[in-house]
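# Fold and contact review
What follows is each chain in one-letter form.
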Amino acid sequence: MAFDRINQIKNPLVRTGLAAWVGLTAGAMIAGAVVGFKAEKNDADFKAVGYVALVAAALGGVYGLGRSPKPDATEAKSSQTLTWPDWRPFVVARKVKESAEITSFYLKPQEGEPLPSFSPGQFLTIKLDIPGQPRPVIRTYSLSDYRTANEYYRLSIKREQAPKGHDVPPGVASNYMHDYVHEGTVILAKPPNGKFVLDVSQTSPVVLISNGVGITPMISMVKAVCHEHPTRHVWFLHGARNGEFHAFRDEIGAIAHEFPNVHVYYRYSQPRPEDKGQYHGDGYVDTEMLKSLIAPEIEQETGAVSETDYFLCGSPGFMDSLRNGLSEWGVPKDKVAFEAFSQPNVASKEPTSVDEKAIRDGKAGIEVMFEKSGVTAVWTPDQGTLLEFAEAQGLNPDYSCRAGICLTCMCAIKDGEVEYDEPPTGTPDEGTVLICVSKPKTDRVILEL
């Protein structure tokens, strides 16, 4: 039907004009057909055809003006699947080696339904059934791509080796993904999440700084800016060991070639002879580089150095150095957003009250109720965080970083209070706590778990 198609038009002027034209045409045809059956015709008959056509055009215009665009089938499906409540099966459609350590996995929904959009910088939580593990392994990985219409989600995962000098096994999830997950493998995932995101509606200059696999959310961010606000200036700074370990160099280069407002700088800590011409300097991306090289460029291009936003992602030492350097430089904290792969351990604070000391000495305990599971137990300090305590009771809460960063373990608290030895990097929603880094504070705590 013509009017069904008109309903799809989003521009109100075009929709109104087309509806009026359809009404004019239909009115003229109907009135003309009626007059055509008359044996004798006069001027009044032809005038009547014109009047009917004009009235029909007016009615059509009113109809078009009053209609709101009707979403097509794809949009309707997309709006119905903006999120999903729990785990959703995805199929690995492609597996691409990006560098000596990083491999990308392109995930498509198994049922073929459209995918919701996400904010640049967010992550995907996946669940893996790994042989030999007592329970499913849950991890979070940054989404490393950005598209206006999502046909897939891309995760780019670094193979984690065993730390040197420590009797610790290599990364269970990352090595399993690299060695045993191939095209056709089904992986369960939760909806995109995370608060380390870039607001693409802003116009202020933005500096994206990363090292190693920390490049993954930065790719999402720079692509989002180019799609949604291409006039915004972006400085893309990345540090790698050398070209062998530098992922996505060609992909970022193509973006910078197409969008002149994207300024790219690479530094290699251990460059090879064959890397000549592929990077901009030896050493590391640091605050001195920002002050001496990037700040003058921002001033020249935008004149808005004080309004610049900084996004950091990388290894803990890299992050700590940059955060401290930016603070000493005078960059306000609200201009610096960051996401690290882990959070350094901090010493437990000393007890500050008689009751707390009694609890820590094991002479008293705190009752913790896991409401959904129907489990109630008494917590004492030797039982660690609420996540560790829940696991000791046989529960299987979601978690990933175990460092208060990724928000995977976020849980609603129904009664009582918890405390953190140090404020978590991630900010939980109101009425929720991060159980991976929190402990009970009041004499009774109820968690929706």
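That block above? That's the structure.
Residues numbered from 1 in each chain as written. Predicted model: local features only at pLDDT ≥ 70, side-chain atom pairs only at ≥ 80, totals over all residues. Heavy atoms only, no water.

Another aspect to go through is the sheet that holds strand β15 (residues 410-415). Taken together, five strands build an open sheet; the order of strands is β14-β13-β19-β15-β17 and the sheet is mixed. Taken across any chain shown, the strands that pair with only one partner, and hence form the sheet edges, are β14 (375-379) and β17 (432-434). Each adjacent strand pair in this sheet contributes to an overall mean axis angle of 35°, direction not counted. Direction of pairing for strand β13 (residues 366-370) relative to β14: antiparallel, over a ladder of five bridges. The residue bridging methionine 369 from the neighbouring strand is threonine 376, located in β14. (Pairing = 2+ DSSP bridges. Helix = DSSP H or I, 4+ residues; strand = E, 2+ residues; numbered from the N terminus. Axes fitted to C-alpha atoms, helices over the stretch in contact; angles between N-to-C directions.)

Right, let's get into the pairing of strand β7 (residues 206-211). Burial of β7 is extensive: six of the six residues sit out of reach of the surface. Residues Val206, Leu208 and Ser210 of β7 are buried on one face, and the alternating residues Val207, Ile209 and Asn211, pointing to the opposite face, are buried as well. Sheet topology note: the β7/strand β11 (residues 309-314) ladder contains five bridges and is parallel. For valine 206, the partnering residue across the bridge sits in β11 and is aspartate 309. Taken together, the six bridges between β7 and strand β8 (residues 234-240) define a ladder with parallel strand orientation. Counted as the bridge partner of leucine 208 is phenylalanine 236 from β8. (Buried < 20%, exposed > 50% of the residue type's maximum accessible area, 1.4 Å probe, protein only.)

To continue, consider the environment of isoleucine 255. Relative to the assigned elements, isoleucine 255 resides in helix α7 (residues 249-258). On the basis of relative accessibility, which here comes to 11%, the residue isoleucine 255 falls in the buried class. Taking the C-alpha atoms as reference points, isoleucine 255 and lysine 223, 32 residues apart in sequence, are found 7.7 Å from one another. In this structure isoleucine 255 touches Val222, Lys223, Cys226 and Val262, once residues within four positions along its chain are discounted. (Contact = heavy atoms within 4.5 Å.)

Right, let's get into the nonpolar core. Ranked by internal contacts, the top residues of the largest apolar core, which has 52 residues, are Ile126, Leu208 and Phe236. The leading source of residues in this core is helix α6 (residues 215-228), at eight residues. Sequence-distant contacts of isoleucine 126, that is, excluding residues within four places in its chain, are made with Trp87, Val137, Ile138, Arg139, Tyr141, Leu155, Met177, Ile187, Leu188 and Ala189. Of all hydrophobic cores here, the second largest spans 22 residues; its members include Ala377, Trp379, Val418 and Ile435. (Core = buried A, V, L, I, M, F, W, Y, C linked by side-chain atoms within 4.5 Å.)

Okay, the pattern of salt bridges next. All told, the structure shown has 20 salt bridges when counted by the stated rule. Notably, a salt bridge pairs aspartate 275 with arginine 272, separated by 2.8 Å at the nearest N-O pair. Owing to a relative accessible area of 2%, aspartate 275 belongs among the buried residues under this scheme. Of the charged contacts in the structure, one is a salt bridge between lysine 439 and aspartate 421, with a shortest N-O distance of 3.6 Å. In this pair, lysine 439 is assigned in strand β18 (residues 438-440) and aspartate 421 in the loop between β16 (418-420) and β17, connecting sequence segments 18 residues apart. It is possible to trace a salt-bridge network through shared partners that takes in Asp145, Arg154, Lys223 and Glu251. (Salt bridge = Lys/Arg side-chain N within 4 Å of Asp/Glu carboxyl O.)

The relative placement of two packed helices is expressed as an angle between their axes plus a distance between the axes. Two elements in contact, α6 and α7, have axes whose closest approach is 11 Å; the angle formed by their N-to-C orientations is 20°. In terms of orientation, α6 and α7 fall into the roughly parallel class. Every pair of crossing elements has a handedness; the one defined by α6 and α7 is left-handed. In this structure, α6 contributes Ile219, Val222, Lys223 and Cys226 to the contact, and α7 contributes Glu251, Ile252 and Ile255. (Parallel < 35°, antiparallel > 145°, perpendicular 65-115°, else oblique. Left-handed = near helix turned anticlockwise from the far one by under 90°.)

Moving on, we get to the sheet that holds strand β4 (residues 137-142). Hydrogen bonding along the main chain pairs the strands of a sheet, whether they run parallel or antiparallel. Pairing in this open sheet of six strands is antiparallel, and the strands run β4-β3-β6-β1-β2-β5 from one edge to the other. Bordering the open sheet on either side are β4 and β5 (153-158), each of which pairs with just one other strand. Averaged over all pairs of adjacent strands, the angle between strand axes in this sheet comes to 40°, irrespective of strand direction. Where strand β1 (residues 88-97) lies against strand β2 (residues 102-109), seven bridges are found, and the strand directions are antiparallel. From the neighbouring strand, arginine 94 faces β2, where its bridge partner is tyrosine 106.

The next subject is the side chain of glutamate 101. Along the polypeptide, glutamate 101 turns up in the loop between β1 and β2. For the buried glutamate 101, which has no salt bridge, the nearest side chain bearing the opposite charge is lysine 158, at an N-O separation of 4.1 Å. Contacts of glutamate 101, omitting those with residues within four sequence positions, involve Ile157, Lys158, Arg159, His178, Arg241 and Phe245. (Lys, Arg positive; Asp, Glu negative; His and termini not counted.)

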